[in-house]
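Here's the letter readout for the chains.
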Amino acid sequence: MHIKKIFGLIASAFLFTVAPAFCEKAFFQSDNYSITLKYNKEIIPGNAVFVRMNVTPGKSVKKQTNALKAELQLLIDGKLSQKAPFYQLNAKKSKNNYEMLSGVPVSLWIESELNCQLKVVFSLAGEQTKEFFLPSVFKLRNFDNEDIYLNESNTAIRSDTSPERMAQIEKLNNIFFSANYTSIHQLKSFVSPTESTRFTAHCGDRRTYIYSSGKKSKNLHFGNDYGIPTGSDVRACAEGRVVLAQNRISTGWSLVIEHLPGLYSVYYHLSELKTSEGDLVRQGQLIAKSGATGMATGPHLHWEMRLNGSAVIPEFFLTDFTFEED
């Protein structure tokens, strides 16, 4: 295996190795601890970057709860774009080390080549904060453009500024931008919520909405749409806790499931719910039936994934994105 030294911190050595396609590995060593990291190095608009970090304290450092503070940062053109703290995994099993995970989204809005960097900032047992960069590669993604013609009913929904709709939007955003760092429901790869492979729209599509009045507005599509008949089975993409089950003006009957801190799956335009808020669901469990409720031009399932408030292309999570199976 080819190994080369790429960075040094004080008297420490940081080594990078070439690993299988999705998983890159990095190592950091000091007198007081050693760190092993696994991560996906490709920074692609609409994807996310996850870093799994294993920290083994030296004999002189006693392991303590919450003694390790660490944060993952995504820098774009030298400026902080996204950040998220690392949270501990398998706390009861990891007696002599810290096993940590963090993930940040890469914006769907990016449309040009940018200088992106991944940085880890950490402190162990009250030591001085240290930081290092992980080698990464930026890859631009092309998105489709589409015109969406809205009839009078859908025009009214999209133009609705009523207190009820605004309250529903605020409630949903409060969920998307929240993170419970003890809510770790599933680390293995997710699965599609439907057996259908007939897409009618994709996450990241650039949309021009054309209202019945002739007015136009632009936005992005934040999920995948599957063209399936009303009443088709919708199943949980992963184990988690239902945090929203509501009939919304914009999206009709809707479900949101929490899977990891700050990570949620979203299911819109449903005809029937098979679960309720607060329920714990298993991967593959029947949670709803598809439909055409809310602002919809026909029967379909809208499946969306949100990480720290931002939409991420759902296919990313069908991989071993936490390096649980590596």
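Scroll up a little and you will see the structure.
Treat the numbers as computed from the prediction; the structure is a model and nothing was measured.

A.B. asks: Looking at this structure, how should I read the packing of aromatic side chains?
C.D. replies: What characterises a pair of aromatic rings is the spacing of the ring centres plus the angle enclosed by the ring planes. Counted by the stated rule, this structure contains 16 aromatic pairs. An angle of 70 degrees between the planes, with centres 5.1 Å apart, marks the rings of Phe50 and Phe321 as edge-to-face. Highlighted residues: Phe50 in strand E6 (residues 48–57) and Phe321 in the segment after strand E26 (310–312), separated in sequence by 271 residues. Residue Phe50 shares its accessibility class with Phe321, and that shared class is buried.

A.B. asks: I'm lost on the sheet that holds strand E7 (residues 68–76) in this one. Help?
C.D. replies: One open sheet accounts for four strands, arranged E8-E7-E11-E12; its pairing is antiparallel. Either end of the sheet is taken by a strand with one partner, and the two such strands are strand E8 (79–85) and strand E12 (130–134). Strand after strand, the sheet turns through a mean of 25 degrees between neighbouring axes, direction not considered. In this sheet, E12 lies alongside strand E11 (residues 116–124) in antiparallel orientation, the contact comprising five bridges.

A.B. asks: Help me understand helix H1 (residues 152–159), please; the structure alone is not making it clear to me.
C.D. replies: Every α-helical turn comprises 3.6 residues, leaving residues that sit three or four positions apart pointing alike. Buried residues of H1: Asn154, Thr155 and Ile157, and no others. Buried residues of H1, viewed axially, fall in a sector of 160 degrees; they line one side. Near the N-terminus of H1, the side chain that reaches the backbone nitrogen of Ser153, with its oxygen 3.2 Å away, is that of Asn151.

A.B. asks: It is not clear to me how the sheet that holds strand E14 (residues 145–149) should be interpreted in this structure. Could you clarify?
C.D. replies: Think of a sheet as strands paired side by side through backbone hydrogen bonds, with each pair either parallel or antiparallel. Across the sheet, three strands lie side by side as E14-E16-E17; this open sheet has mixed pairing. Edge positions in the sheet fall to E14 and strand E17 (216–220), since each has one partner strand and no second. The mean angle between the axes of side-by-side strands here comes to 25 degrees, regardless of whether they run parallel or antiparallel. The pairing of strand E16 (residues 206–210) with E17 spans five bridges and is antiparallel. Along E17, the bridge assignment pairs Tyr209 with Ser217.

A.B. asks: Can you walk me through the side chain of Ser217 in this structure?
C.D. replies: Positionally, Ser217 belongs in strand E17. A polar side-chain atom of Ser217 sits 2.8 Å from a polar atom in the side chain of Tyr211. For Ser217, the contacting residues outside a window of four places in its chain are Arg158, Arg207, Thr208, Tyr209 and Tyr211.

A.B. asks: Please explain the side chain of Glu258 as it appears in this structure.
C.D. replies: Mapped onto the elements of the fold, Glu258 is located in strand E21 (residues 252–260). For Glu258, a relative accessible area of 2% corresponds to the buried category. Engagement of the side chain of Glu258 in a polar contact is seen with the side chain of Ser183, the distance being 3.5 Å. Once you skip the residues sitting within four places of it in the chain, Glu258 turns out to touch Asn180, Ser183, His185, Glu239, Gly240, Arg241, Val243, Leu263 and Tyr264.

A.B. asks: Mind showing me how you'd approach the nonpolar core here?
C.D. replies: For soluble globular proteins, nonpolar side chains are generally found buried alongside one another. Ranked by internal contacts, the top residues of the largest apolar core, which has 33 residues, are Phe50, Phe190, Leu263, Tyr267, Ile287, Phe317 and Phe321. At the level of elements, E6, strand E9 (87–89), E21, strand E22 (263–273), strand E24 (286–290) and strand E25 (301–307) are the ones that each hand at least two residues to this core. Counting residues per element, this core draws most heavily on E25, at four residues. One finds Tyr39, Ile43, Val51 and Leu74 within the second-largest nonpolar core, a separate group that totals 32 residues.

Cut-offs used in this document
- Residues numbered from 1 in each chain as written.
- Predicted model: local features only at pLDDT ≥ 70, side-chain atom pairs only at ≥ 80, totals over all residues.
- Heavy atoms only, no water.
- Phe/Tyr/Trp six-rings, centres within 6.5 Å; stacked < 30°, edge-to-face > 60°.
- Helix = DSSP H or I, 4+ residues; strand = E, 2+ residues; numbered from the N terminus.
- Buried < 20%, exposed > 50% of the residue type's maximum accessible area, 1.4 Å probe, protein only.
- Pairing = 2+ DSSP bridges.
- Axes fitted to C-alpha atoms, helices over the stretch in contact; angles between N-to-C directions.
- Arc of directions from axis to C-beta.
- Polar contact = N/O pair within 3.5 Å; in protein donor to acceptor, adjacent residues only side chain to side chain.
- Contact = heavy atoms within 4.5 Å.
- Core = buried A, V, L, I, M, F, W, Y, C linked by side-chain atoms within 4.5 Å.

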